[in-house]
Amino acid sequence: LVVRNPMIEKPNKDGKPPTIEYQEEEILDTVYGAVVRQCYSMYKLFNGTFGRAMEVGGVELLIQKLEKFFYRYLQTLHLQSCDLLDVFGGISFFPLDKMTYLKIQSFVNRVEESLSLIKYTAFLYNDQLIWSGLEQDDMRILYKYLTTSLFPRHSEPELAGRDSPLRPEVAGNLLHYGRFLTGPTNLKDPEAKFRFPKIFVSTEDGYEELHLIVYKVKKKVISSVELTRDFCEQLDGLVGPQLTLLASDICEQFTINRRISGPEKEPQFKFIYFNHMNLAEKSTIHMRKTASVCLTSVHPDLMKILGDINCDFARVDEDEEIIVKAMTDYWVVGKKSDQRELYVILNQKNANLIEVNEEVKRLCATQFNNIFFLD
């Protein structure tokens, strides 16, 4: 990947041509290194490894596959908005109470038992992961594809409780709101095409080729054999009504979570949290992250400081804390503790080091009270 360094033209006296100064510190290698690895992972998800293409059809086939894939994929990359979240490549998890989580687990088990073609299942709500049976690295890249590419293309109002105005399908005497995001758009259409995208997931001794079925709201299942109308109708009949009821339960939980977190006023601090063990990621800095746009609520200079702190953390294995006072009077704090990283941006002009430290402790106590951060 080649990216151009930003530059500044400084005018010279005596009519000489302007001096060009390259801003070499502006571009973070870790961010763009992560983007290159992401590109390969995305290619591998839909095409298998480069080696596989070489075995089947030599260099010519590999060139064709690369051209076909990257011609479309590179148009979705917005390098100017890549940042620390691309380095982490994390997953946003949906916080659930134990009872609802058990209902979902039992639902997933029932679906996999009833439809033996289903190999792995993942369950998402509101772009957040609740349950996954996939290997972590596969889920990581699949999550990226679903939340930044597939879901935004099919966006519609989420099912908001049982009185939602979405157009229901009647199944038996239960109303349900399900549909396929991959494969047939309408099951009742006699001309419907039952083609699903193929994906490659890791196994102990290599990888296996499966079909990706995405069924909303919001359900994703992956299956490994030819998929017929009969199978899709079975899946629709089994999953649709159950999922509609579950979505309603989760929505109630979502409302409770928002009530607990309090009114949405502008807080004194913003943060990014990442856990390397389970890839859990949480950010109050990013307002929206889709394939076309990434909106952050802080200045790019502050995002760059976060990237620099992350680079410092990567150089050492020990836990540590870094506090930086930015030129704009913001304070930036990075904490690395036991495979977890927390980055906080504080807007407190006249605060001193001790006050900033106390504020971060308070944040850890309220937002991360069940997570141990070393002092």
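Let me begin by describing the structure that accompanies this report. Quantities reported herein were computed from a predicted structural model and do not represent experimental measurements.

Some points on the overall build of the protein chain
Here's step 1: A count of helices and strands for the protein chain gives eight helices and 17 strands.
Here's step 2: Across the 375 residues that make up the protein chain, the buried fraction comes to 43%.
Here's step 3: Once local pairs closer than 6 in sequence are excluded, the contacts in the protein chain between residues at least 24 apart make up 60%.
Here's step 4: Per element, the accessible surface of the protein chain, about 21,400 Å² overall, is 52% carbon and sulfur.

Points about the environment of Met7
Here's step 1: Considering the arrangement of structural elements, one finds Met7 in strand β1 (residues 7–10).
Here's step 2: The sequence separation of Met7 and Glu21 amounts to 14 residues, and the corresponding C-alpha distance is 5.5 Å.
Here's step 3: In contact with Met7, other than residues within four places in its own chain, are Ile20, Glu21, Tyr22 and Gln23.

Considerations on a negative patch on the surface
Here's step 1: A surface patch of negative charge is lined by Glu24, Glu25, Glu26 and Asp301.
Here's step 2: Relative to the helices and strands, Glu25 is located in the loop between β2 (19–22) and α1 (29–47).
Here's step 3: When its relative accessible area of 62% is taken as the criterion, Glu25 is described as exposed.

A short note on the packing of α1 against helix α2 (residues 50–73)
Here's step 1: Two elements in contact, α1 and α2, have axes whose closest approach is 11 Å; the angle formed by their N-to-C orientations is 115 degrees. Remark: the crossing between α1 and α2 carries right-handed chirality. Where α1 approaches α2, its residues Gln38, Cys39, Tyr40, Met42, Tyr43, Phe46 and Asn47 are matched on the opposing element by Phe50, Arg52, Ala53, Leu62, Lys65, Leu66, Phe69, Phe70 and Tyr73.
Here's step 2: Tallied by class, the residues present in the contact of α1 with α2 amount to twelve nonpolar, two polar and two charged.

Digging into the packing of α1 against helix α5 (residues 136–153)
Here's step 1: One can describe the packing of α1 onto α5 by two numbers: an axis separation of 10 Å at closest approach and a directional angle of 90 degrees. Classed by the angle they form, the pair α1 and α5 counts as roughly perpendicular. Taken together, the residues of α5 that come into contact with α1 (itself represented by Gln38, Ser41, Met42, Leu45 and Phe46) are Ile141, Leu142, Lys144 and Tyr145.

Criteria and thresholds
For every chain, the first residue of the written sequence is number 1, and numbering continues from 1 onward in sequence order. This being a predicted model, a pLDDT of at least 70 is required before a residue's local features are given, and a value of 80 or more before pairs of side-chain atoms are given or counted; all residues contribute to the totals for chains, interfaces and linings. In computing side-chain values, all of the structure's heavy atoms are included and hydrogens and water are not. Secondary structure elements follow DSSP: runs of H or I no shorter than four residues count as helices, runs of E no shorter than two count as strands, and numbering proceeds from the N terminus. Throughout this description, buried means an accessible area under 20% of the type-specific maximum (1.4 Å probe, protein chains only), exposed means over 50%, and partly exposed covers the range between. Contact definition: two residues touch when any of their heavy atoms are within 4.5 Å. Note on areas: Shrake-Rupley with a 1.4 Å probe; residue coverage comes only from the protein chains shown. Each patch is built from residues that are more than 30% exposed by relative accessible area and take part in no salt bridge. Like charges join if they lie within 9 Å; nonpolar side chains (Val, Leu, Ile, Met, Phe, Trp, Tyr) join within 5 Å. Here, a salt bridge means any Lys or Arg side-chain nitrogen found within 4 Å of an Asp or Glu carboxyl oxygen. Charged residues are defined narrowly, with Lys and Arg counted positive, Asp and Glu counted negative, and His plus the chain ends left uncounted. Throughout, a charge is located at the NZ atom of Lys, the CZ atom of Arg, the CG atom of Asp or the CD atom of Glu. Here the axes come from fitting lines to C-alpha atoms, over the contacting stretch only for helices, and the angles between their N-to-C directions go from 0 to 180 degrees. Each crossing is labelled by how the near helix is turned from the far one, with a counterclockwise turn of less than a right angle marking it left-handed and a clockwise turn marking it right-handed. The nonpolar class holds Ala, Val, Leu, Ile, Met, Phe, Trp, Tyr, Cys and Pro. Asp, Glu, Lys and Arg form the charged class, and all remaining residues, Gly among them, are polar. By the definition adopted for this analysis, an angle is roughly parallel if under 35 degrees, roughly antiparallel if over 145, roughly perpendicular if from 65 to 115, and oblique otherwise.

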